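# Observations on the three-dimensional arrangement
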Amino acid sequence: MELKSKSEIDILREANLIVADILSELEAMVEPGVTTNKLNQRAAELTKKHGAKSAFLGYPAPSPGVESFPGLICASLNDAIVHGIPNDVPLKEGDILSVDYGCEHKGFFGDSARTIPVGNISEETQRLLDVTKASLDAAIEQCHVGNRIGDISNAVQTVVEKAGFGVVREFVGHGIGRNMHEPPHVPNFGRQGQGRVLKPGLVIAIEPMVTIGSFETKLLEDGWTAVTRDGSLAAHFEHSVAITADGPIVLSRP
Ligand code: MG
Ligand code: MG
């Protein structure tokens with residue numbers, strides 16, 4: 001677990017502001033009829049414009065025999081939780097689309113995700129988005145020196161389960177820096193007071209993945225897309241956060 005200096009955190013902030021900027025541009029494009037390939041293409045143009053490098057394109061597959069990740073964004077629709085591959089299917093009114101984007105800038109990585117409503121969505125679906133976002137905010141509030149990873153994990157789980165939703169176990173948040181994924185793991189479930197102590201200079205990506213139904217997942221045949229086993233809707237919000245003596249800095253918040 002590498003701790004970052006002030007100047008390294010400054011570069012991580014730059015990288016994550018690029019991420020935030022690109023996610024906001026993509027979010028503004030989301031409407032019925034748009035395809036995720038179109039969003040991916042725009043992400044490619046914007047990444048180039050910023051002089052950054054995609055963190056996802058070509059990412060090695062989790063299992064043998066699967067091609068490396070073919071997109072710059074993960075586009076996970078409705079019951080897809082994470083790692084969805086962009087495609088030519090037009091978005092429909094009432095869908096929810098989780099867009100995850102990461103890039104490398106000056107040798108450091110940025111990583112953030114949002115679940116975006118397509119047109120009007122149902123009240124229950126809106127509640128899923130609100131609760132997932134609230135669980136991320138609750139986690140960020142725990143990002144103080146002296147707290148532990150378990151305090152972050154427990155904050156997410158408490159908010160989600162109080163709302164009657166499921167919190168995904170198979171995928172977790174992570175440290176971030178000169179690598180996209182670094183130690184420590186940051187699970188979205190766990191016990192207060194457990195795990196590593198948070199020190200100044202620790203930078204982590206916190207990313208609650210929340211389901212309306214059961215938290216169990218399965219992998220689609222493409223070898224990448226993780227969906228809910230019961231077909232219920234899933235949401236995913238992610239921020240990269242630096243822990244400092246002065247409190248958390250949400251690096252990917254514009
Ligand atoms: Mg991400
Ligand atoms: Mg991440």
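The following paragraphs examine the structure supplied in this document. Bear in mind that the values here come from a model prediction, so they are computed numbers and not experimental data.

## Overview of the overall build of the chain
A tally of regular secondary structure across the chain gives 4 helices and 15 strands. Taken against the 2.2 N^0.38 rule, which gives 18 Å for 254 residues, the C-alpha radius of gyration of the chain at 17 Å falls within 12% of a compact globule. Principal axes of the C-alpha set define a box for the chain whose edges measure 45 × 45 × 35 Å. The long-range fraction of contacts in the chain, counting pairs at least 24 apart against all pairs at least 6 apart in sequence, stands at 70%. When the accessible area of the chain is evaluated, it comes to approximately 10,800 Å², of which 51% is carbon and sulfur surface. When the 23 basic and 33 acidic side-chain charges of the chain are each reduced to a single mean position, those positions are 5 Å apart.

## Focus on the packing of helix α1 (residues 6-29) against helix α2 (residues 36-49)
Relative orientation of the contacting elements α1 and α2 amounts to 150 degrees, with a least axis distance of 10 Å. The orientation of α1 with respect to α2, classified from their angle, is roughly antiparallel. Between α1 and α2 lies a crossing of right-handed hand. Between α1 and α2, the contacting residues are Ile22, Glu25, Leu26 and Met29 on the first element and Lys38, Leu39, Arg42, Ala43, Leu46, Thr47 and Lys49 on the second. Broken down by class, the residue content of the contact of α1 with α2 amounts to 6 nonpolar, 1 polar and 4 charged.

## Here we look at the sheet that holds strand β3 (residues 80-82)
The strand order across the open sheet built from 3 strands is β3-β12-β11, with neighbouring strands paired in antiparallel fashion. Either end of the sheet is taken by a strand with one partner, and the two such strands are β3 and β11 (217-219). Taken pair by pair, the neighbouring strands of this sheet meet at an average axis angle of 40 degrees, ignoring direction. Examined bridge by bridge, β11 and strand β12 (residues 226-228) share 3 bridges and lie antiparallel to one another. The partner of Thr217 across the bridge, within β12, is Thr228.

## So, the layout of surface pockets
Taken as a whole, the largest pocket encloses approximately 470 Å³ of empty space. Going through the elements one at a time, β7 (173-175) and β8 (182-186) are the ones with two or more residues in the lining of the largest pocket. Classifying every residue of the lining of the largest pocket by side-chain character gives 14 nonpolar, 6 polar and 5 charged. One number sums up the size of the second largest pocket: a volume of about 260 Å³. If you trace the second largest pocket, you find 17 residues lining it, with Glu27, Arg114, Thr115, Lys133 and Phe237 closest to the centre. Contributing elements (two or more residues each) for the lining of the second largest pocket: β5 (108-117) and α3 (123-141). If you tally residues by element for the lining of the second largest pocket, the top one is β5, at 6 residues. Considering only residue class, the lining of the second largest pocket consists of 7 nonpolar, 4 polar and 6 charged.

Cut-offs applied
- Residues numbered from 1 in each chain as written.
- Chains lettered and ligands numbered in written order.
- Predicted model: local features only at pLDDT ≥ 70, side-chain atom pairs only at ≥ 80, totals over all residues.
- Heavy atoms only, no water.
- Helix = DSSP H or I, 4+ residues; strand = E, 2+ residues; numbered from the N terminus.
- Rg over C-alpha atoms; globule rule 2.2 N^0.38 Å.
- Contact = heavy atoms within 4.5 Å.
- Areas by Shrake-Rupley, 256 points an atom, 1.4 Å probe, with all protein chains shown as cover.
- Lys, Arg positive; Asp, Glu negative; His and termini not counted.
- Charge placed at Lys NZ, Arg CZ, Asp CG, Glu CD.
- Axes fitted to C-alpha atoms, helices over the stretch in contact; angles between N-to-C directions.
- Parallel < 35°, antiparallel > 145°, perpendicular 65-115°, else oblique.
- Left-handed = near helix turned anticlockwise from the far one by under 90°.
- Nonpolar A, V, L, I, M, F, W, Y, C, P; charged D, E, K, R; others polar.
- Pairing = 2+ DSSP bridges.
- 1 Å grid on protein atoms, 1.4 Å probe; cavity = no way out; pocket = protein on both sides within 12 Å on 5 of 7 lines; lining within 4 Å.
- Points joined across faces, edges and corners; volume = space filled by probe spheres on them.

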